[in-house]
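Each chain is listed here by its residues.
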Amino acid sequence: MQQRRSSNGRPSGTDGSDFSYRMVVDSRYTKVAEGKSRLSILILTQAVVQLLGALLLLYSYIKEERIDQLAVSSTFIYFVSLLIGELGRKRSRAKMLKFYIVSSSLGMLLSIVSVLKSNILQEVVEDSSGWEAKKFELISVGDVLVGLLVQILSISTTTSLISNMSPPKRSS
């Protein structure tokens, strides 16, 4: 009993010199865990931004305005890419994460083209008194801009995650 209780907190049978034989977690594994956590938050943020965009599309459909098919297709592509990105993040699949980067970028590009095609900013600048009538279109522009910012952050996080998930290169 006396042997188990050590006064300095070190287990009996070791003098502390065996530290070099103990297992150490490689730093890339902790980077992968942090990257997955960050990507989870970014994917959730992208989903909220896209949900807001889908609600704005639904509102314009209810008001019986013309529906921009480009905006509808970009929303669909973006939601599919978010599902693939979440599966790739959970299962640590680099190919799925690469596909997520490409498809979500395509969805964002289509959203930007849709906003530019609508000329809403030009109409508001030319007639600044009528901005209240076009407030939902302006919210849609802001939604796309926030989505672009989150897209840039998610691309950088995902590329960092993919590089940390790949095995280290061995020099021969």
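Since the model is a prediction, treat every value here as computed from it, not as a measurement.

Engineer: Just checking my understanding: could you explain the pattern of salt bridges for this structure?
Structural biologist: Any two side chains of opposite charge can pair if their charged atoms end up close together. Taken as a whole and assessed by the stated rule, the structure comprises two salt bridges. As a salt-bridge pair, Arg89 and Glu86 come within 2.6 Å of each other at their nearest N and O atoms. Of the two residues, Arg89 and Glu86 both sit in helix H2 (residues 69–91), three residues apart, roughly one turn of that helix. With respect to burial, Arg89 and Glu86 carry one shared label: buried.

Engineer: When you look at a nonpolar patch on the surface in this model, what are you seeing that I'm missing?
Structural biologist: Taken together, the side chains of Leu51, Leu55, Leu58, Tyr61 and Ile62 define a hydrophobic patch exposed on the protein surface, amounting to about 550 Å² of accessible area. Mapped onto the elements of the fold, Ile62 is located in helix H1 (residues 27–62).

Engineer: Looking at this structure, I do not really get the packing of aromatic side chains. What am I missing?
Structural biologist: The geometry of an aromatic ring pair is captured by two quantities: the separation of the ring centres and the angle between the planes. The tally for this structure, following the rule as stated, stands at zero aromatic pairs. Positioned over the ring face of Tyr29 is Arg28, at 4.8 Å from the centre of the ring.

Engineer: Help me understand the nonpolar core, please; the structure alone is not making it clear to me.
Structural biologist: It is characteristic of soluble globular proteins that their nonpolar side chains tend to be buried jointly. The biggest cluster of nonpolar side chains holds 16 residues, and the ones touching the most others in it are Leu39, Ile43, Leu82, Leu97, Tyr100, Leu161 and Met165. Looking at this core, the elements that each hand over two or more residues are H1, H2, helix H3 (94–118) and helix H5 (135–165). In contact with Ile43, other than residues within four places in its own chain, are Leu82, Gly85, Glu86 and Tyr100.

Engineer: What's the story with the side chain of Ser114 in this structure? I'm lost.
Structural biologist: Tracing the backbone shows Ser114 in helix H3. The exposure class of Ser114 is buried, given its relative accessible area of 7%.

Engineer: Even after reading the chapter, I still don't get the environment of Ile112, so can you show me in this structure?
Structural biologist: Summarising the element assignment, Ile112 is placed in helix H3. Given the relative accessible area of 25%, Ile112 is considered partly exposed. Separated by 32 residues in sequence, Ile112 and Val144 place their C-alpha atoms 6.7 Å apart. What Ile112 contacts, discounting residues up to four positions off in sequence, is Val144 and Leu148.

Engineer: In this structure, what is going on with the UniProt feature "transmembrane region" (unreviewed entry) in the protein chain? I would like to understand it.
Structural biologist: If you check UniProt for "transmembrane region" (unreviewed entry), the listed places come out as residues 39–61, 67–85, 97–116 and 136–162 in our numbering. In this annotation, residues 39–61 is assigned 100% helix and 0% strand; the end-to-end C-alpha distance for the span is 32 Å.

Engineer: I'm lost on unusual backbone geometry in this one. Help?
Structural biologist: A negative phi holds for most residues other than glycine; trans holds for most peptide bonds. A positive phi angle, near 55°, is found at Ser92, a position not held by glycine. When you line up the elements, Ser92 lands in the loop between H2 and H3. Owing to a relative accessible area of 30%, Ser92 belongs among the partly exposed residues under this scheme.

Engineer: So what exactly am I meant to see when it comes to the side chain of Asp68 here?
Structural biologist: Assignment of secondary structure puts Asp68 in the loop between H1 and H2. A polar side-chain atom of Asp68 sits 2.3 Å from a polar atom in the side chain of Ser114. Those residues in contact with Asp68 that sit more than four places away from it in its chain are Ser114 and Lys117.

Engineer: What is the right way to read the environment of Ser103 from this model?
Structural biologist: Tracing the backbone shows Ser103 in helix H3. Along the chain, Ser103 and Ile77 lie 26 residues apart, while their C-alpha atoms are 6.9 Å from each other. Residues within four places of Ser103 in sequence aside, it is in contact with Ile77 and Ser81.

Engineer: What is the right way to look at H3 in this model?
Structural biologist: For an α-helix, the turn length of 3.6 residues means that residues three or four places apart are oriented alike. Compared with the 36 Å implied by 1.5 Å per residue over 25 residues, the 36 Å span of H3 between its first and last C-alpha is a close match. Listing the buried residues of H3 in full gives Leu97, Tyr100, Ile101, Ser103, Ser104, Gly107, Met108, Leu110, Ser111, Ser114 and Val115. Check the buried side of H3 and you find it contacts H1, H2 and H5. Asn119 sits one or two residues past H3 and shows a positive phi near 55°.

Calculation criteria
- Residues numbered from 1 in each chain as written.
- Predicted model: local features only at pLDDT ≥ 70, side-chain atom pairs only at ≥ 80, totals over all residues.
- Heavy atoms only, no water.
- Salt bridge = Lys/Arg side-chain N within 4 Å of Asp/Glu carboxyl O.
- Helix = DSSP H or I, 4+ residues; strand = E, 2+ residues; numbered from the N terminus.
- Buried < 20%, exposed > 50% of the residue type's maximum accessible area, 1.4 Å probe, protein only.
- Patch = residues over 30% accessible without salt bridge, like charges linked within 9 Å, V, L, I, M, F, W, Y side chains within 5 Å.
- Areas by Shrake-Rupley, 256 points an atom, 1.4 Å probe, with all protein chains shown as cover.
- Phe/Tyr/Trp six-rings, centres within 6.5 Å; stacked < 30°, edge-to-face > 60°.
- Lys NZ or Arg CZ within 6 Å of the ring centre and 35° of its normal.
- Core = buried A, V, L, I, M, F, W, Y, C linked by side-chain atoms within 4.5 Å.
- Contact = heavy atoms within 4.5 Å.
- UniProt positions renumbered as here; feature names shortened; annotations may be inferred.
- Polar contact = N/O pair within 3.5 Å; in protein donor to acceptor, adjacent residues only side chain to side chain.
- Expected span 1.5 Å × (residues − 1).

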